[in-house]
Amino acid sequence: MKILGIETSCDETAAAVVEDGSRILSNVVVSQIDIFAEYGGVIPEVAARSHLEVMMPVISKALEDASSTWDDIDAIAVTYAPGLLGSLLIGTLTARTLAILHDKPLYAVHHLKSHVYANWLNGNETMLPSFPVLALVISGGHTQILYMPAHNEFEIIGTTHDDAVGECFDKVAKILGLPYPGGPSIAKAALGGDPDKYKLPHPKVEGLDFSFSGLKTAVLRAVQKELGLPISHPSYDLKNHLTPQQIADFAASFQKTAVLILCEKLSLALSKYPDVQSVVVAGGVSANQALREALPEAYFPERSLSGDNGAMVAAACYYEIKSGVKPVDPYKLNIYPRISIES
Ligand code: KG4
Ligand code: ZN
């Protein structure tokens, strides 16, 4: 079964053709990073317009790279939630139109589910995670621990009370004057830093939930203290006073703390769910090398599949179909900028 996966939830315009949920025949991702690096973050209206410009060329390229025509495609899968409203609209309107035009079944896939299923895209049956699975989903918009008793079944057992961990990487990068997106910039800067230079507090959140807004503020206060500036000093100016070594040390210390927090919650989750067979990590932050090294037993997507892409949407769709999920009406599919994976 060949599925065309379409993803436009944030600032990547992506399409891919995947066979039987695991074999990637093509995977085209057009990133808007260059546009938003200039602004230091995503501007939703600009993102939607860029999606509109490249959506059809990206889909054509995905078919071409897969040496496929519409006749070869068995189903279309598209991200319908959660994400930026305008961005989701472009992807779903395109997918709906193509489904009607080419008479293909259309499936609506939740973005976090897609991230999780990036871990089933390694093409080797013997190396796949086994159930029950514990999934740590860490992206720019989400930080959740999911319990997955079987394919396509998700229970949220931990979530963030405020910022997502990726958002925290992005905000700390801004304080340090590192370019957008913050995650990869922090990881790179951290390579030359001392992770034990600055002691940053761990948030006191009960159970399996997270909080990352306090960690961002802790970095802000530590930077102000290091520079001997008052807390009233504007955060956007701090970067102008930091030396490259201080930036590297802050990046390393922050990254170490963030990774430790994620690992602590994950081991608490494992103690509460002793039947778990595999741990999978998913979402943009799963590209982080320090986290990969801290969790040698866990499954991680191939690095190129950690961020947003169409292949993971197609993979998730394949397992939805196998679990009995029915296609949606292409004339009626709605988008949901904020909807839980449980709904
Ligand atoms: O999954 P994703 O591409 O988009 C969302 O669904 O949000 O995740 C993007 C997030 C951003 O916050 C970005 O800074 C973070 O993933 N990220 C990283 C790394 N690469 C991307 N965070 C830490 N280390 C990385 N290497
Ligand atoms: Zn994502």
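**As for the coordination of the zinc ion (ligand 2)**
Now for step 1: Within the protein, the atoms that donate to the zinc ion (ligand 2) are His111 (NE2), His115 (NE2) and Asp308 (OD), at distances of 2.0 to 2.1 Å.
Now for step 2: Considered as a linear motif, the donors of the zinc ion (ligand 2) on their single chain read H-x3-H-x192-D. In this pair, His115 sits in helix α4 (residues 111-117) while Asp308 sits in the loop between α9 (289-294) and α10 (310-322), placing the two residues 193 residues apart along the sequence.
Now for step 3: The class for His115 is buried, based on a relative accessible area of 2%.
Now for step 4: On the accessibility criterion, Asp308 (13% relative accessible area) is buried.

**Describing the sheet that holds strand β5 (residues 106-110)**
Now for step 1: Overall, mixed pairing links the 5 strands, which are arranged β3-β2-β1-β4-β5 in an open sheet. Two strands lie at the open edges of the sheet, namely β3 (23-31) and β5, each paired on one side alone. Averaged over all neighbouring strand pairs, the angle between strand axes comes to 20 degrees, with direction disregarded.
Now for step 2: Where strand β1 (residues 2-7) and strand β2 (residues 12-19) come together, 6 bridges link them in antiparallel fashion. Within β2, the position partnered with Ile3 by the bridge is Val18.
Now for step 3: In the packing of helix α2 (residues 44-65) onto the sheet, the strands contacted are β1, β2 and β3, and the crossing angle to β2 comes to about 20 degrees.
Now for step 4: Most of the contacts of α10 go to β1, to which it runs at about 125 degrees, and overall it touches β1, β2, β3, β4 (75-81) and β5.

**Considerations on the packing of helix α5 (residues 165-176) against helix α7 (residues 213-227)**
Now for step 1: It is at 9 Å that the axes of α5 and α7 come closest, and there the two elements cross at 15 degrees. Relative to α7, the element α5 lies roughly parallel. As α5 packs across α7, the resulting crossing turns out to be right-handed. Where α5 abuts α7, its residues Cys168, Lys171, Val172, Ile175 and Leu176 lie against Leu215, Lys216, Val219, Leu220 and Val223.
Now for step 2: Within the contact of α5 with α7, the residues separate by chemical class into 8 nonpolar, no polar and 2 charged.

**Some thoughts on the site of ligand 1**
Now for step 1: Near ligand 1 you find 18 residues, and of these His115, Gly140, Asp170, Gly183 and Gly284 are the closest.
Now for step 2: Within the backbone of Gly166, an N or O atom sits 3.1 Å from an oxygen atom of ligand 1.
Now for step 3: In this structure, an oxygen atom belonging to ligand 1 sits 3.5 Å away from a main-chain N or O atom of Val285.
Now for step 4: Burial of ligand 1 by the surrounding chains reaches 85%, relative to a free accessible area of 550 Å².
Now for step 5: Listing elements by their share of the shell around ligand 1, those giving two or more residues are α4, α5 and α6 (182-190).
Now for step 6: Taken together, the residues of the shell around ligand 1 sort by class into 4 nonpolar, 12 polar and 2 charged.

**Section: the domain arrangement of the protein chain**
Now for step 1: Examined at the domain level, the protein chain breaks down into domain 1 (2-122 + 303-322) and domain 2 (131-294).
Now for step 2: Centre-to-centre separation of domain 1 and domain 2, based on C-alpha positions: 27 Å.
Now for step 3: Each partner contributes residues to the interface: domain 1 has 20 residues there, and domain 2 has 24 residues.
Now for step 4: Carbon and sulfur atoms supply 63% of the area that domain 1 and domain 2 bury against each other, a total of about 1800 Å² over both sides.
Now for step 5: If you look at where domain 1 meets domain 2, you find 0 salt bridges.
Now for step 6: If you list the elements that add at least two residues to the side of domain 1 that touches domain 2, you get α1 (33-39), α4 and α10.
Now for step 7: No other element matches α4, which puts 5 residues into the side of domain 1 that touches domain 2.
Now for step 8: Looking at side-chain class alone, the side of domain 1 that touches domain 2 contains 10 nonpolar, 6 polar and 4 charged residues.

**A closer look at a negative patch on the surface**
Now for step 1: Where like charges cluster on the molecular surface, the negative patch consists of Asp20, Asp71, Asp72 and Asp74.
Now for step 2: Within the fold, Asp74 resides in the loop between α2 and β4.
Now for step 3: For Asp74, a relative accessible area of 39% corresponds to the partly exposed category.

**Thoughts on a nonpolar patch on the surface**
Now for step 1: A cluster of nonpolar side chains, contributed by Leu85, Leu89 and Leu93, occupies part of the molecular surface with about 250 Å² of accessible area.
Now for step 2: You can see Leu89 is positioned in helix α3 (residues 85-102).
Now for step 3: Using a relative accessible area of 33% as the deciding quantity, one classes Leu89 as partly exposed.

**What to know about the side chain of Ser211**
Now for step 1: By secondary structure assignment, the location of Ser211 is in the loop between α6 and α7.
Now for step 2: On the basis of relative accessibility, which here comes to 13%, the residue Ser211 falls in the buried class.
Now for step 3: For Ser211, the side chain forms a polar contact with the side chain of Asp162, separated by 2.7 Å.

The rules behind the values
Numbering of residues starts from 1 in each chain and follows the order in which that chain's sequence is written. Working convention: letters from A go to chains and numbers from 1 go to ligands, in the order in which they are written. Selection of residues for local features in this predicted model requires a pLDDT of at least 70, selection of side-chain atom pairs for listing and counting requires 80 or more, and totals for whole chains, interfaces and linings are taken over all residues. Side-chain measures were taken over the full set of non-hydrogen atoms in the model, leaving aside hydrogen atoms and water. Note that water is not among the atoms used; donors are N, O and S atoms within 2.8 Å of the metal (3.2 Å for Na, K and Ca), so sites may look incomplete. Each helix corresponds to a stretch of at least 4 residues labelled H or I by DSSP, and each strand to a stretch of at least 2 residues labelled E; elements are numbered beginning at the N terminus. Each residue is assigned to one of three classes by its accessible area relative to the maximum for its type, calculated with a 1.4 Å probe on protein chains only: buried under 20%, partly exposed between the two thresholds, exposed over 50%. Two strands make a pair as long as DSSP finds a minimum of two bridges between them. Under this scheme, a helix contributes an axis fitted over its contacting stretch, all axes are lines through C-alpha atoms, and angles between N-to-C directions fall in the 0 to 180 degree range. It only takes one pair of heavy atoms within 4.5 Å for two residues to be counted as in contact. An angle below 35 degrees is read as roughly parallel, one above 145 as roughly antiparallel, one from 65 to 115 as roughly perpendicular, and any other as oblique. Throughout, a crossing is termed right-handed when the near helix is turned clockwise from the far one, and left-handed when it is turned anticlockwise from it by less than a right angle. Three classes are used: nonpolar for Ala, Val, Leu, Ile, Met, Phe, Trp, Tyr, Cys and Pro, charged for Asp, Glu, Lys and Arg, and polar for all others, with Gly counted as polar. One heavy atom within 4 Å of a molecule or strand is enough for the residue carrying it to be called near that molecule or strand. Any pair of nitrogen or oxygen atoms within 3.5 Å is treated as a polar contact; in protein, a donor-acceptor pairing is required on top of that, and neighbouring residues in sequence qualify only through side-chain atoms on both sides. Per-residue accessibility takes into account occlusion by the displayed protein chains alone, with areas from the Shrake-Rupley method and a 1.4 Å probe. Per the annotation, domain bounds derive from an automatic or database assignment of domains. Once two parts are joined, some of their accessible surface, as seen by a 1.4 Å probe, is lost; buried area is that loss totalled over both. In the sections that follow, a salt bridge refers to a side-chain nitrogen of Lys or Arg positioned within 4 Å of a carboxyl oxygen of Asp or Glu. Patch membership requires over 30% relative accessible area and the absence of a salt bridge. Like charges are linked within 9 Å, and nonpolar side chains (Val, Leu, Ile, Met, Phe, Trp, Tyr) within 5 Å. The charge count includes Lys and Arg as positive and Asp and Glu as negative, but it does not include His or the ends of the chains. Where a charge sits is defined by one atom per residue type, namely NZ (Lys), CZ (Arg), CG (Asp) or CD (Glu).

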